[in-house]
Amino acid sequence: MHIVLKINSKNLFLKQLLLMIVDILFILICHKYIDSISKIFMQTLSGTSFSTAELMAKFKSLEFRITAQYNALKLFTVSPLGYGPRTIVTYLGMDIHNSYLGFLFEQGILGSLIQIINMPINKINAKFADTITTFIIIVAFFINIHYSSIFVFVILLVFSCKEGDQHANIFNNYASI
């Protein structure tokens, strides 16, 4: 069953909020069951071309990210108003590779909500906006895309198209692929 959420100004915000909640639950579950996940990871990939040492190194990288993200959540509960811009490394000693959690940690709950409040979307760029924002939201869970200049460029491009704009049809055609 494929659920399609028609994009408009209300559900873009809800989509981001829902995915942030799912991400937080994912971090909490992974942190709680990290040993079991490690065993499953090693058993599942043991028949591949990777050596045991390589697999352990890859899993340790994942474990460090999950632990850092979990620690960011714990610190967030201490200061729900945030710690200030670009303070994650100062407090955690490493980057967390998760833009939404980074927003939450640095800007607090109010700053995060303001960050994900959507911009107006018209009919012309709705399909493309839905496609690109879904992609960006998912990617943001794994890398700090909000510090990337391409993120800002794409978001501005998507939301700057007006009806009758020659680029709007290109966006909708691309989103239909």
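Residues numbered from 1 in each chain as written. Predicted model: local features only at pLDDT ≥ 70, side-chain atom pairs only at ≥ 80, totals over all residues. Heavy atoms only, no water.

K.L.:
Looking at this model, I keep getting lost on the overall build of the chain. Mind explaining?
P.N.:
When its secondary structure is counted, the chain shows eight helices and zero strands. Taken from the N to the C terminus, the helices and strands of the chain come in the order α-α-α-α-α-α-α-α. Here the chain holds 177 residues, and the buried ones make up 39% of them. Contacts in the chain between residues at least 24 apart in sequence constitute 70% of all its contacts with a sequence separation of at least 6. Total accessible area on the chain is roughly 11,100 Å²; 67% of this is exposed by carbon and sulfur atoms. (Helix = DSSP H or I, 4+ residues; strand = E, 2+ residues; numbered from the N terminus. Buried < 20%, exposed > 50% of the residue type's maximum accessible area, 1.4 Å probe, protein only. Contact = heavy atoms within 4.5 Å. Areas by Shrake-Rupley, 256 points an atom, 1.4 Å probe, with all protein chains shown as cover.)

K.L.:
Help me out: how do you make sense of the environment of Leu28 in this one?
P.N.:
Counting through the fold element by element, Leu28 comes out in helix H1 (residues 9-32). Apart from residues no more than four positions distant in its own chain, Leu28 is found in contact with Tyr70 and Leu73.

K.L.:
Honestly, the packing of aromatic side chains in this entry has me stumped. Any pointers?
P.N.:
Centre-to-centre distance and the angle between the planes together describe a pair of aromatic rings. By the definition in use, this model includes five aromatic pairs. Ring geometry for Phe41 against Phe59: centres 5.2 Å apart, planes inclined by 45°, an arrangement best described as tilted. Placement of the pair is Phe41 in helix H2 (residues 34-45) and Phe59 in helix H3 (residues 52-78), with a sequence separation of 18 residues. Note on Phe59: relative accessible area 2%, which makes it buried. Ring centres 5.9 Å apart and planes at 70° place the aromatic pair Tyr91 and Phe105 in the edge-to-face group. With Tyr91 in helix H4 (residues 88-92) and Phe105 in helix H5 (residues 99-116), this residue pair connects regions lying 14 residues apart in the sequence. (Phe/Tyr/Trp six-rings, centres within 6.5 Å; stacked < 30°, edge-to-face > 60°.)

K.L.:
What am I meant to see in a nonpolar patch on the surface here?
P.N.:
Together, Ile21, Leu25, Leu28, Ile29 and Tyr33 make up an exposed nonpolar region whose accessible area comes to about 470 Å². Topologically, Ile29 is positioned in helix H1. We classify Ile29 as partly exposed; its relative accessible area is 49%. (Patch = residues over 30% accessible without salt bridge, like charges linked within 9 Å, V, L, I, M, F, W, Y side chains within 5 Å. Salt bridge = Lys/Arg side-chain N within 4 Å of Asp/Glu carboxyl O.)

K.L.:
Please clarify how the nonpolar core should be interpreted in this entry.
P.N.:
Where a protein is soluble and globular, its nonpolar side chains tend to be buried together. Ranked by size, the top nonpolar core spans twelve residues in total: Ile27, Ala68, Ala72, Leu73, Phe76, Tyr83, Ile88, Leu92, Ile96, Leu101, Leu104 and Phe105. Where this core is concerned, the elements lending two or more residues are H3, H4 and H5. A total of four residues in this core trace back to one element, the largest contributor, which is H3. Contacts of Ala68, omitting those with residues within four sequence positions, involve Leu92, Met94, Asp95 and Ile96. Among the nonpolar cores identified, the runner-up in size contains five residues, and Met20, Tyr100, Ile116 and Ala140 belong to it. (Core = buried A, V, L, I, M, F, W, Y, C linked by side-chain atoms within 4.5 Å.)

K.L.:
What exactly am I supposed to notice about H2 here?
P.N.:
Since there are 3.6 residues in each turn of an α-helix, residues three or four apart along the chain are aligned in direction. Compared with an ideal rise of 1.5 Å per residue, which puts twelve residues at 16 Å, H2 spans 16 Å between its outermost C-alpha atoms and is within 8% of the ideal. Those residues of H2 that sit buried are Ile34, Ser38 and Met42. Projected down its long axis, H2 shows its buried positions confined to an angular sector of 75°, all on one face. Opposite the buried face of H2, by more than 90 degrees, sit the exposed residues Lys39, Ile40, Gln43 and Thr44. (Expected span 1.5 Å × (residues − 1). Arc of directions from axis to C-beta.)

K.L.:
I tried to follow the pattern of salt bridges on my own but got confused; where do I start?
P.N.:
As a working rule, side chains carrying opposite charge can pair if their charged atoms are close by. According to the stated counting rule, one finds one salt bridge in the structure shown. Between Lys60 and Glu63 there is a salt bridge; the shortest N-O distance is 2.9 Å. Separated by three residues within a single helix, Lys60 and Glu63 lie in helix H3, roughly one turn from each other. Note on Lys60: relative accessible area 37%, which makes it partly exposed. Taking relative accessible area as the criterion, Glu63 reaches 17% and is therefore assigned buried.

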